[in-house]
Amino acid sequence: MKYRRRIFPAMAALLLALSLCPCSALAAGDEAAENTETATAPAQTEPPALYPAEVLEYTAGDLDEPRISKTYELSPTDDPALIPTEDFERSGRIYTLLDIIKEDQTEIDTKEHIEVITLETDTNDMAEILQLLEPELEITTEDGYTGVLTPDYPSIQVEASGYGTSSRTVSATRTYPNLSSADVSLIPKTTEEGGRTLTLADVDWQEAATDYLDGYDLAIRYTATATYTGTATSKYATGYTVTADYKGDVTKTSCDTVTYTAIFASHGETQNGTETEAEPAGSIDPRLALIPLGVIALGGAGFGGWKLVKYLRDKKRGYVK
């Protein structure tokens, strides 16, 4: 029994010491973790920030929540990731990013365009030429306009692209009656036919009248059938050039500026330069779990102290040997 009474006060003192250690150890652990994170965090280079073209302050929602919108005008080559999105303080309030809205400042210019198409063909038959023309033509102009054009059929023109010549023999006959003799000199050497001059090629003689003399029939009149020949030359097209107008509207789209609007909402105020925020729902500080242990330890220490005082008092009075 004596040993048990002496051990109990010692156990109470030990519990009191243990109740005071966890908080200090936890704080030391947190400080060590922070130092470790600070020591091991790599150095980061902050990208150059963009500056807004417009800043507006307003309220929104049923509770008139304070908000700030910042509008940035970027070119298509700018990186929107450089837009600042971190929390900031203004007029004693903390603002955090709520949303980013992108809007393309697109402009479309439309105008009429005519494209002249030329093609070569070996015929001037319009029905065949129409089969050679494309029903639509996609076009991109030198200044960046694009569109689809269609043929303007009344504008189609067909012209010979080259000429050749050909020749053939032509002939004509002439009859010369009642000639006094079968003498070629009595026949014209040339004649006109279809605007061409033909040359005498042959003569066929026939007796037209006879006279009986000394028992013989003598021809006294002749009919001559003369044949004239010549060469006719003609000109013909060796090919044709077709030109056609394609008409239609062409458009050009330009996008020189992209607008980004970053919207920030207020979620807290600052006090003496320190941000005050509500704790997230359901989050519990793990150090609060040590409070019951401390209470038990303090209670045990108090009870042990009372037993120790009682023990010393009884020993002094001689109750304990």
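Please refer to the structure placed before this passage.
What this report covers is the structure whose coordinates are included nearby. (Residues numbered from 1 in each chain as written. Predicted model: local features only at pLDDT ≥ 70, side-chain atom pairs only at ≥ 80, totals over all residues. Heavy atoms only, no water.)

## So, the environment of Thr238
- By the element assignment, Thr238 lies in strand β9 (residues 216-271).
- The sequence separation of Thr238 and Thr165 amounts to 73 residues, and the corresponding C-alpha distance is 9.5 Å.
- When sequence neighbours within four positions are dropped, the list of residues in contact with Thr238 reads Gly162, Tyr163 and Gly164. (Helix = DSSP H or I, 4+ residues; strand = E, 2+ residues; numbered from the N terminus. Contact = heavy atoms within 4.5 Å.)

## Points about the nonpolar core
- Ranked by size, the top nonpolar core spans 13 residues in total, and within it Tyr176, Ile187, Ala226 and Tyr228 carry the most contacts.
- With 5 residues, the single largest contributor to this core is β9.
- The contacts of Ile187, once residues within four sequence positions are left out, are Tyr176, Leu179, Leu200, Val203, Trp205, Ala224, Ala226 and Tyr228. (Core = buried A, V, L, I, M, F, W, Y, C linked by side-chain atoms within 4.5 Å. Buried < 20%, exposed > 50% of the residue type's maximum accessible area, 1.4 Å probe, protein only.)

## Examining the side chain of His113
- Tracing the chain through its elements places His113 in strand β4 (residues 93-121).
- Judged by its relative accessible area of 18%, His113 falls in the buried class.
- Polar contacts involving the side chain of His113 include one to the side chain of Glu115, which spans 2.8 Å. (Polar contact = N/O pair within 3.5 Å; in protein donor to acceptor, adjacent residues only side chain to side chain.)

## As for the packing of aromatic side chains
- One pass over the full model with this rule turns up 2 aromatic pairs.
- Aromatic side chains Phe88 and Tyr95 sit 5.5 Å apart centroid to centroid with 15° between the ring planes, which places their arrangement in the stacked category. Considered together, Phe88 and Tyr95 belong to a single accessibility category, that of buried residues.
- With 5.0 Å between their ring centres and 75° between their planes, Phe88 and Phe264 make a pair best called edge-to-face. (Phe/Tyr/Trp six-rings, centres within 6.5 Å; stacked < 30°, edge-to-face > 60°.)

## Describing the pairing of β4
- Looking at chain direction, strand β3 (residues 88-90) and β4 are connected through 3 bridges and run antiparallel. Looking across to β4, one finds that Arg90 is bridged to Arg93.
- The hairpin turn running from β3 into β4, its antiparallel successor, is 2 residues long, and Ser91 in that turn takes a positive phi close to 55°. (Pairing = 2+ DSSP bridges.)

## Looking at a nonpolar patch on the surface
- The grouping of Met126, Leu130 and Tyr153 at the surface amounts to a nonpolar patch, some 280 Å² of accessible area in total.
- With respect to the helices, strands and loops of the structure, Leu130 is situated in helix α2 (residues 126-132). (Patch = residues over 30% accessible without salt bridge, like charges linked within 9 Å, V, L, I, M, F, W, Y side chains within 5 Å. Areas by Shrake-Rupley, 256 points an atom, 1.4 Å probe, with all protein chains shown as cover. Salt bridge = Lys/Arg side-chain N within 4 Å of Asp/Glu carboxyl O.)

## Structural notes on unusual backbone geometry
- Phi is positive for Ser91, which is not a glycine, with a value near 55°.
- The residue Ser91 is located in the loop between β3 and β4 in this model.

## Description of the pattern of salt bridges
- Counted by the stated rule, this structure contains 5 salt bridges.
- Taking the shortest distance from any N to any O, the salt bridge between Asp143 and Lys111 comes out at 3.3 Å. In this pair, Asp143 is assigned in the loop between β5 (137-140) and β6 (146-179) and Lys111 in strand β4, connecting sequence segments 32 residues apart.
- The partly exposed category is assigned to Asp143, whose relative accessible area is 38%.
- The residue Glu193 makes a salt bridge to Arg174 at a minimum N-O spacing of 3.2 Å. Taken together, the residues Glu193 in strand β7 (residues 190-193) and Arg174 in strand β6 connect sequence positions 19 residues apart.
- You can call Glu193 partly exposed: its relative accessible area is 36%.

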